[in-house]
Amino acid sequence: MLRGIGGFLPPTTVTNDDLSRGLDTSDEWIRTRTGIRERRVVSRDLSTGTLAVEAGARALRSAGITGADAVIVATTSPERLCPAVAPEVATRLGLGTVAAFDLTSACSGFLYGLATAEGLIATGTADTVLFIGSEAFTTLVNPRDRATAPIFGDGAGAVVLRRGAPDEPGALGPFDLGSDGALADLLAVPAGGSRQRAADGGLGHATVPADDWYLRMAGRPLYTQAVDRMSQSARSALKKADWAVADVDWFAGHQANLRIVRAVAEELEVPGERVAVNIDRVGNTLAASVPLLLNDLAARGDLRAGQRVLLSAFGAGLSWGSATLVWPGLRAEPVD
Ligand code: UT7
């Protein structure tokens, strides 16, 4: 049961024109191919944890509570390889020694995290979960790669989930979740993990080429996969919830590319005016994408109590997920 929402964006804005000064690209290319006009990026003093704390505090405020008994952070740009950032976020939010862990599922992290949080509540492990999608993913993107540098942005979106009845506003429907590890290399950061190591034999010698620390993305095949997987998954979530497409007031899809969002909506036959979009201002913020989108809609008064929302996301892994949500009517603050 959704009970609170919050979002936070780092203050530094990078426009397409800013990017075009250092890269062989243009505002026109980026806008027409992706729908992105600008994105926010972390400065040196900000990171996944600091963004998460800001968004988490806003979600708690929106729910009108000061405590939670579990914290989950979905991120694919971890604060450090070890440990998880969620315990530190819980401490910095004054939540004490609660259950806290990170979850990695790239752009579908918000859907996987919602399902996990609902599971903690269903099993009686927690009554109230603070779940935050937080990303400083631009730190993993090669600033010299025009194929990826324009796409991503940083930010955090958070929700509070609590126990409740399935017919109450705020209720999440059954989830559809899936993955295809055979296509893992379509979107990957090769180095830094146990496969391609930072140092060899403890001697501290660098063993990997510098570019392997950065994201590699095969845009075209990913595009096709994104449209197919999100459409199928969203359809399956609708079926499980026994909703018709006509019941959907808002399609809140992962903001990977405006053309992808529109193509999925077209596949599903959701009319354009019910398709939520904020990629123009934030770019692709991975696990933060869908909660930032919901926060934007709610903060500008476009998302009202009782409205039916279809959530869907797709990303690296590959992985994807969808769910239905009846909007509970929350106080939401603009991100800035
Ligand atoms: O978050 C979920 C995971 N990510 C995704 O789902 C991303 C999915 N993919 C996409 O959104 C799109 O494939 C991109 C936005 C990444 C690329 O758009 P595209 O329409 O698929 O372009 P493309 O990669 O096929 O490239 C078309 C042309 C190429 O030139 P040639 O070979 O036709 O001469 C590229 O070299 O555009 C060129 N290009 C650029 N030109 C100017 C690629 N990036 C740029 C750029 N500026 N930034």
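The structure presented is a predicted model; accordingly, all values stated were derived computationally and were not measured.

So, about the domain arrangement of the protein. When the parts of a complex come together, some accessible area is lost, and that lost area is often taken as the interface size. As assigned here, the protein comprises domain 1 (2-162) and domain 2 (172-183 + 214-326). The partner domain 2 presents 40 residues to the 47 residues of domain 1 that form the contact. Across the domain 1/domain 2 interface, buried area totals approximately 3400 Å², and carbon plus sulfur atoms make up 70% of it. In this structure, the connection of domain 1 to domain 2 is made through 13 residue pairs in polar contact (both at pLDDT 80 or more). Elements supplying a minimum of two residues to the side of domain 1 that touches domain 2: β1 (2-8), α2 (27-34), β3 (38-41), α5 (109-122), β6 (128-135) and β7 (155-162). Ranked by the residues each element gives to the side of domain 1 that touches domain 2, the list is headed by α5, at seven residues. By residue class, the composition of the side of domain 1 that touches domain 2 is 23 nonpolar, 16 polar and eight charged.

Below, the discussion takes up the site of the ligand. The local shell around the ligand holds 23 residues, among which T25, R33, R220, N257 and N284 are the closest. T25 has a polar side-chain atom sitting 2.6 Å from a nitrogen atom of the ligand. R220 has a polar side-chain atom sitting 2.4 Å from an oxygen atom of the ligand. Isolated, the ligand exposes 950 Å² of accessible area, and the fraction of that covered by the protein chains is 75%. Top element by residues in the shell around the ligand is helix α6 (residues 219-241). It accounts for four residues. In terms of domain composition, the shell around the ligand takes at least three residues from each of domain 1 (2-162) and domain 2 (172-183 + 214-326).

Throughout the structure, instances matching the rule amount to two aromatic pairs. Between F110 and F131, the aromatic rings sit 5.3 Å apart at their centres with planes inclined by 15 degrees, giving stacked as the arrangement. Residue F110 is found in helix α5, and its partner F131 is found in strand β6; the two are separated by 21 residues along the sequence. The burial state of F110 is the same as that of F131; both residues are buried. With centroids separated by 5.0 Å and ring planes inclined at 55 degrees, the aromatic side chains of F137 and F152 adopt a geometry described as tilted. Of this pair, F137 sits in the loop between β6 and β7 while F152 sits in the loop between β6 and β7, and the two are 15 residues apart along the sequence. The cationic tip of R308 hangs over the ring face of W243; the distance from NZ or CZ to the ring centre is 4.6 Å.

Cis geometry is adopted by the peptide bond preceding P83, which originates at C82 and carries an omega value of 0 degrees. Mapped onto the elements, P83 comes out in the loop between β4 (70-74) and α4 (86-92). Residue L318 follows G317 across a cis peptide bond; omega there is -15 degrees. Looking at where L318 falls in the secondary structure, it is placed in the loop between β12 (308-315) and β13 (319-326). Of note in the backbone geometry, A106 takes a positive phi value of approximately 45 degrees without being a glycine. The residue E269 is not glycine, and still its phi comes out positive at about 65 degrees. With respect to the secondary-structure elements, E269 resides in the loop between α7 (258-268) and α8 (279-282).

In any sheet, the strands associate via hydrogen bonds between backbone groups, in a parallel or an antiparallel arrangement. With respect to topology, five strands assemble into an open sheet ordered β1-β7-β6-β4-β5, the strand pairing being mixed. What marks the edges here is a single partner per strand, and that holds for β1 and β5 (99-103). The sheet shows a mean angle of 15 degrees between the axes of neighbouring strands, taken without regard to direction. Relative to β7, β6 runs antiparallel, the two being bridged by eight bridges. Bridging from a neighbouring strand, E135 pairs with G155 of β7. Against the sheet, helix α3 (residues 48-63) makes contact with β1, β6 and β7, and its axis sits at roughly 140 degrees relative to β1, the strand it touches most. Along the sheet, helix α9 (residues 289-299) makes contact with β1 and β7, crossing β1 at roughly 100 degrees.

This paragraph deals with α7. Residue pairs spaced three or four apart in an α-helix point in one direction, given the helix's 3.6 residues per turn. Those residues of α7 not exposed but buried are L258, I260, V261, V264, A265 and L268. Projection of α7 onto a plane perpendicular to its axis shows the buried side chains occupying an angular sector of 165 degrees, all on one side. Turned more than 90 degrees from where α7 packs its buried face, R262 and E266 sit exposed. On its buried side, α7 packs onto α2, α6, β11 (250-253), α8 and β12. Where α7 starts, the residue carrying a side-chain oxygen 2.8 Å from the main-chain nitrogen of R259 turns out to be N257. Directly beyond the C-terminal end of α7, a positive phi value near 65 degrees is found at E269.

Criteria and thresholds
Residues numbered from 1 in each chain as written. Predicted model: local features only at pLDDT ≥ 70, side-chain atom pairs only at ≥ 80, totals over all residues. Heavy atoms only, no water. Domains from an automatic or database assignment. Contact = heavy atoms within 4.5 Å. Buried area = accessible area lost by both parts, 1.4 Å probe. Polar contact = N/O pair within 3.5 Å; in protein donor to acceptor, adjacent residues only side chain to side chain. Helix = DSSP H or I, 4+ residues; strand = E, 2+ residues; numbered from the N terminus. Nonpolar A, V, L, I, M, F, W, Y, C, P; charged D, E, K, R; others polar. Near = heavy atom within 4 Å. Areas by Shrake-Rupley, 256 points an atom, 1.4 Å probe, with all protein chains shown as cover. Phe/Tyr/Trp six-rings, centres within 6.5 Å; stacked < 30°, edge-to-face > 60°. Buried < 20%, exposed > 50% of the residue type's maximum accessible area, 1.4 Å probe, protein only. Lys NZ or Arg CZ within 6 Å of the ring centre and 35° of its normal. Pairing = 2+ DSSP bridges. Axes fitted to C-alpha atoms, helices over the stretch in contact; angles between N-to-C directions. Arc of directions from axis to C-beta.

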